[in-house]
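Observations on the model geometry
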Number of protein chains: 2
Amino acid sequence: MTFDVKLLVFLKDGILDTQGKAVAGSLKRLGFDAVKDVRVGKYIRLSLQADDQAAAEKAVAQMCSDLLVNDIIEDWSAEYEEGRR
Amino acid sequence: MTFDVKLLVFLKDGILDTQGKAVAGSLKRLGFDAVKDVRVGKYIRLSLQADDQAAAEKAVAQMCSDLLVNDIIEDWSAEYEEGRR
């Protein structure tokens, strides 16, 4: 089976997000005063062959631990869809 | 009202994703052969004061056009939740 995986990687709450602060500052300078708490992270889309969703979830967790996520400062969440691609 | 906005910014299909290719290559070298079509984009979370969801959507569209999205090569999608933060 092919799974379409949408992975969100973001800084843990409490970790200073310099990129988020920079974006928030720029938005304010552009007049968007109603914006608060900007946090910037990574959005990774991939397709994955796996026997079932549990196997896909296991593979994604391993990829996150090995490469995609710095688990000291980052958290992640993933959505799985039976692939169309 | 406060809206919790989850904004995904990603390269349009057909645009070469060098970051995605680099991640795919690293995953292959780590033995994740079942992975294909890796695309990397931005995940931006922010909270926004707005009268209603339509006003929030309008403000986000303007932010994307003014700063957050390069609409020549990028697409975006957003989810809105009445804010808890």
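All of the points below concern the structure found in this document. Position numbers for residues count from 1 along each chain, tracking the sequence in the order it is written. For this description, chains carry letters from A and ligands carry numbers from 1, given in the order in which they are written. Side-chain atom pairs in this predicted model are given and counted only at pLDDT of 80 or more, local residue features only at pLDDT of at least 70, and totals for whole chains, interfaces and linings cover all residues. With hydrogens and water set aside, each side-chain value is computed from the structure's full complement of heavy atoms.

To continue, consider the side chain of B:Asp4. By the element assignment, B:Asp4 lies in strand S1 (residues 2-11). At a separation of 2.9 Å, a polar atom in the side chain of B:Asp4 contacts the side chain of B:Arg45. Runs of H or I in DSSP of at least four residues are treated as helices and runs of E of at least two as strands, each being numbered from the N terminus. By the criterion applied in these results, polar contacts are pairs of N or O atoms within 3.5 Å in which, for protein atoms, one can donate a hydrogen and the other can accept it, and in which residues neighboring in sequence qualify only through two side-chain atoms.

The next point concerns helix H2 (residues 53-68) of chain B. Given the number of residues in a helix, its expected span is that number minus one, multiplied by 1.5 Å. Between the first and last C-alpha of H2(B) there are merely 19 Å, a value that for 16 residues lags more than 12% behind the 22 Å anticipated at 1.5 Å per step. Measuring from the side-chain oxygen of the N-cap residue of H2(B) to the backbone nitrogen of B:Ala54 gives 3.2 Å; that N-cap residue is B:Asp52.

Attention now goes to the packing of helix H2 (residues 53-68) of chain A against helix H1 (residues 18-29) of chain B. Each axis is a line fitted through C-alpha atoms, taken for helices only over the stretch in contact, and angles between the N-to-C directions span 0 to 180 degrees. As a packed pair, H2(A) and H1(B) sit with axes 11 Å apart at the nearest point and diverge in direction by 105 degrees. Classed by the angle they form, the pair H2(A) and H1(B) counts as roughly perpendicular. On the side of H2(A), the interface is formed by A:Met63, A:Leu67 and A:Leu68, while H1(B) contributes B:Val23, B:Ser26 and B:Leu27. Among the residues forming the contact of H2(A) with H1(B), the class breakdown is 5 nonpolar, 1 polar and no charged. With respect to orientation, any angle under 35 degrees is reported as roughly parallel, any angle over 145 as roughly antiparallel, any angle of 65 to 115 as roughly perpendicular, and every other angle as oblique. In this analysis, two residues are considered to be in contact whenever any of their non-hydrogen atoms come within 4.5 Å of each other. The nonpolar class holds Ala, Val, Leu, Ile, Met, Phe, Trp, Tyr, Cys and Pro. Asp, Glu, Lys and Arg form the charged class, and all remaining residues, Gly among them, are polar.

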